[in-house]
Amino acid sequence: MKRCKLFLGVLLLAGCTSDVATDYNSATNYAVFKTYQFASSTKDHALSLDAARVEDAISGQLYAKGLKPVQTDADLTVQHSILEQSDFQSYGTSFGFGYGYRNVGVAYSAPRQYKEYRYGKLVVELIENDTNQIVWRSVSQRKLTETMSPDSRRKFIDEQIREMFNHYPPH
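1. Digging into the side chain of Gln160
Move 1: Tracing the backbone through its elements, the reader meets Gln160 in helix H3 (residues 150-165).
Move 2: The exposure class assigned to Gln160 is buried, which follows from its relative accessible area of 1%.
Move 3: Not counting residues within four places of it along the chain, the set of residues in contact with Gln160 comprises Asp19, Val20, Leu122, Ser140, Gln141 and Arg142.

Put into structure tokens, the structure is as follows:
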């Protein structure tokens, strides 16, 4: 019975883990922020498809929180990026055989080959314009991959931005 309760507790905790990591300045009064603007990009740099999706999702979340977009003199500047990262996946032949009481196992493993797996993590930062300090930051823990279709990319971005702004304003 104790093992069952422990197992259920572990499952409950695993279900409570967040897909985002959020950090913030606890000394900031977030109630004073009423307007926002996006960080400007250079004029010769076009907005990427994913950046446009991110800005749309952020705008929807900030609107729901009562903030309004302005072109100049905003309370907050929203800065976002997709942090490029990579992992390596190994593949190749391997063979294993278990062992038991007084038995010896056999194993074989061919040289492994590795493939680079590239992905991105969403990062959103809110900068207080009066002090030019980051007051809130959230990073997605899930991976945005190049192999996602446009619809799945939009859905992924919308879900992650919604999860991020569930933690804004901080309590």
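Right, picking up where we left off after that structure.
2. Describing the nonpolar core
Move 1: With 23 residues, the main nonpolar core has Trp136, Ile161, Phe165 and Tyr168 as its most contacted residues.
Move 2: Elements with a minimum of two residues in this core: helix H2 (49-64), strand S4 (76-91), strand S7 (113-128), strand S8 (133-140) and H3.
Move 3: For this core, the leading source of residues is H3, giving five residues.
Move 4: Every residue in contact with Ile161, bar those within four places of it in the chain, is listed here: Val54, Ala57, Ile58, Gln61, Leu122 and Val124.

3. Some remarks on the side chain of Ser138
Move 1: Inspection of the secondary structure assignment puts Ser138 in strand S8.
Move 2: Side chain to side chain, Ser138 and Thr22 meet in a polar contact 3.0 Å long.
Move 3: Sequence-distant contacts of Ser138, defined by excluding residues within four places in its chain, comprise Val20, Ala21, Thr22, Leu122, Val123, Val124 and Met164.

Conventions used here
- Residues numbered from 1 in each chain as written.
- Predicted model: local features only at pLDDT ≥ 70, side-chain atom pairs only at ≥ 80, totals over all residues.
- Heavy atoms only, no water.
- Helix = DSSP H or I, 4+ residues; strand = E, 2+ residues; numbered from the N terminus.
- Buried < 20%, exposed > 50% of the residue type's maximum accessible area, 1.4 Å probe, protein only.
- Contact = heavy atoms within 4.5 Å.
- Core = buried A, V, L, I, M, F, W, Y, C linked by side-chain atoms within 4.5 Å.
- Polar contact = N/O pair within 3.5 Å; in protein donor to acceptor, adjacent residues only side chain to side chain.

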